[in-house]
Amino acid sequence: MVMNNNIIVLGIETSCDETAVAIIKYHKKNNRFMVLSHILASQIKLHAKYGGVFPELASRAHEQKIIPIINRAILKAKIDHKALDAIAVTYGPGLVGSLLIGTTAASTLSYIWGKPLVAVNHLEGHIYSNLIKDTKIKFPLLILIASGGHTELIFAKKFGEYQMIGQTLDDAAGEAFDKIAKLLDLAYPGGPALSQLAQKGDSNKYKFSLPLNQNNNFNFSFSGLKTAVLYQFKSLKKPISEQTKADLAASFQKTLIDSLVKKTSLATLKYKPSTVLIGGGVASNEKLRVDLEENIRKLKIIFKKPDISLCTDNGIGIACAGAVKFTENKIISWKDLSVDSNAKISRV
Ligand code: KG4
Ligand code: ZN
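1. Here's the deal with the overall build of the chain
So, step 1. Helix and strand content of the chain: ten helices and ten strands.
So, step 2. For the chain, whose C-alpha radius of gyration is 20 Å, the value lies close to the compact-globule estimate of 20 Å for 348 residues.
So, step 3. Taking the principal axes of the C-alpha coordinates as reference, the chain spans close to 65 × 45 × 30 Å.
So, step 4. With 348 residues in all, the chain has 53% of them scored as buried.
So, step 5. A separation threshold of at least 6 residues defines the contact pool for the chain, and within that pool the share at least 24 residues apart is 74%.
So, step 6. Surface accessibility of the chain: about 15,600 Å² in total, with carbon and sulfur atoms responsible for 52%.

Structure follows, in structure tokens:
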């Protein structure tokens, strides 16, 4: 294949409740990415009344938005679709109905425009969201992905070669944030609302034990913590004051973040990466960003975090991962593209 040095890629992400499309330019020789456009339609308002993502509604909303958003992304990038070198799309993990809208749009456009297609793992998109600012990353990497659907520790000797060294045994970190936020009657999605409320609370007011603290492994568990917060909540005299709610939010957040920080620090000591990266919606949590950075820097290891706007689901990370895979000739025919709601990053 004749490879241009400047590669233009359209990235499509529809794995959950964000319809996101980005067009990026990748300069292979300089290993630099440039965002030409990024359009994102959030479904937050649509799902708010259910207190969580309603899968059927999510796929319908993706279906309505995907083509207009692709069109807008192309217009905003000021390119013709003929200038695209490849189309990258999330094939999993995620909600099947949502993933199918993105992959169907991508494979249809690949067929009618005659463009190569690249399938990207959603978690790899979160990892690549770190690269837009800074591509000079020292390997090996230790990556903490914490989102609404995932909590995983991944070790990578290079991009594309991932080893999962720990994961949640039950709820994901973001899911726990969302559930406790619902208990405290906060707006959906709960993570941002709960962390804001926690700023006004005393994080030492209620003591919750650190999950899986005694285990010498890097797995997480948040369902016991969730139950402990629920019991604490039930034991409180009603109506609960705003201050008590804030104290409960702060104490819960402290325990969950301490667990993420502790396991990531322990894994850093064992695996000795050169760089620790974070990604996923929970990576936008200020306490996690500050506490983890402090702990990793103490270990004399480089710590990197994406911009807050790129922690949650986005099209930029998918397009960047797609561009690199395209240069490695990891192309798939539109006929072979299928979704995998449980796709594992270790099999990328
Ligand atoms: O990565 P993401 O957009 O979607 C998934 O792949 O799941 O992550 C969304 C999750 C939600 O659970 C949301 O509550 C959580 O990230 N989140 C936060 C914060 N911002 C978003 N959790 C804690 N603190 C935050 N500031
Ligand atoms: Zn995500």
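2. Quick notes on helix α5 (residues 173-183)
So, step 1. All buried positions along α5 are accounted for by A173, G174, A176, F177, I180 and A181. On an axial view of α5, the arc spanned by its buried residues comes to 160 degrees, and they lie on one face.
So, step 2. Contacts made by the buried residues of α5 are with β6 (141-146), β7 (151-158), α6 (190-198), α7 (223-235) and α8 (242-271).
So, step 3. After α5 finishes, the residue D185 shows a positive phi value of roughly 65 degrees.

3. Considering the coordination of the zinc ion (ligand 2)
So, step 1. Distances from the zinc ion (ligand 2) to its protein donors, H122 (NE2), H126 (NE2) and D313 (OD), fall within 2.1 Å.
So, step 2. Considering all four donor atoms around the zinc ion (ligand 2), angles at the metal cover 95 to 145 degrees and the coordination shape is irregular.
So, step 3. Here H122 falls in the buried class, since its relative accessible area comes to 6%.

4. Details of the sheet that holds strand β9 (residues 275-279)
So, step 1. The sheet built from five strands is open, its strands ordered β8-β7-β6-β9-β10 with mixed pairing. The open sheet terminates on both sides in strands that have one partner only, identified here as β8 (161-167) and β10 (302-304). Shown here is a sheet whose adjacent strand axes are inclined to one another by a mean of 20 degrees, direction ignored.
So, step 2. Note: β6 against β7, six bridges, orientation antiparallel. Looking at β7, one finds that I145 is bridged to E152.
So, step 3. Packing against the sheet, α8 makes contact with β6, β7, β8 and β9, and its axis sits at approximately 160 degrees to β6.

5. Here's the deal with the sheet that holds strand β2 (residues 18-27)
So, step 1. The five strands lie next to each other as β3-β2-β1-β4-β5, forming an open sheet whose pairing is mixed. Two strands lie at the open edges of the sheet, namely β3 (32-42) and β5 (117-121), each paired on one side alone. Taking each pair of neighbouring strands and ignoring which way they run, the sheet shows an average axis angle of 20 degrees.
So, step 2. Judged from the eight bridges that link them, strand β1 (residues 6-13) and β2 form a sheet pairing that is antiparallel. Opposite I12, over in β2, you have V21 as the bridge partner.

6. A short note on the packing of helix α2 (residues 55-77) against helix α3 (residues 96-113)
So, step 1. One way to put it is that α2 packs onto α3 with a least axis distance of 9 Å and a crossing angle of 35 degrees. Here α2 and α3 pass one another in a crossing that is right-handed. Between α2 and α3, the contacting residues are A58, S59, H62, E63, I66, I70 and I74 on the first element and G97, S98, I101, A105, L109 and W113 on the second.
So, step 2. Here the contact of α2 with α3 is built from residues that sort into eight nonpolar, four polar and one charged.

7. Digging into the environment of L299
So, step 1. Mapped onto the secondary structure, L299 falls in the loop between α9 (286-298) and β10.
So, step 2. In contact with L299, not counting residues within four places along its chain, are S265, T268 and L269.

8. Thoughts on the nonpolar core
In summary, soluble globular proteins display a tendency toward joint burial of nonpolar side chains.
So, step 1. Counting residues in hydrophobic clusters, the biggest one holds 45 residues, and the most contacted among them are F252, L256 and L260.
So, step 2. Among the elements of the structure, β6, β7, α5, α6, α7, α8, β9 and α9 are those that each provide at least two residues to this core.
So, step 3. With ten residues, the single largest contributor to this core is α8.
So, step 4. With 33 residues, the next largest nonpolar core counts Y162, I316, I318 and C320 among its residues.

Scoring rules and cut-offs
- Residues numbered from 1 in each chain as written.
- Chains lettered and ligands numbered in written order.
- Predicted model: local features only at pLDDT ≥ 70, side-chain atom pairs only at ≥ 80, totals over all residues.
- Heavy atoms only, no water.
- Helix = DSSP H or I, 4+ residues; strand = E, 2+ residues; numbered from the N terminus.
- Rg over C-alpha atoms; globule rule 2.2 N^0.38 Å.
- Buried < 20%, exposed > 50% of the residue type's maximum accessible area, 1.4 Å probe, protein only.
- Contact = heavy atoms within 4.5 Å.
- Areas by Shrake-Rupley, 256 points an atom, 1.4 Å probe, with all protein chains shown as cover.
- Arc of directions from axis to C-beta.
- Donors = N, O, S within 2.8 Å, 3.2 Å for Na, K, Ca; no water.
- Tetrahedral: all angles 85-135°; square planar, octahedral: opposite > 155°, others 65-115°.
- Pairing = 2+ DSSP bridges.
- Axes fitted to C-alpha atoms, helices over the stretch in contact; angles between N-to-C directions.
- Left-handed = near helix turned anticlockwise from the far one by under 90°.
- Nonpolar A, V, L, I, M, F, W, Y, C, P; charged D, E, K, R; others polar.
- Core = buried A, V, L, I, M, F, W, Y, C linked by side-chain atoms within 4.5 Å.

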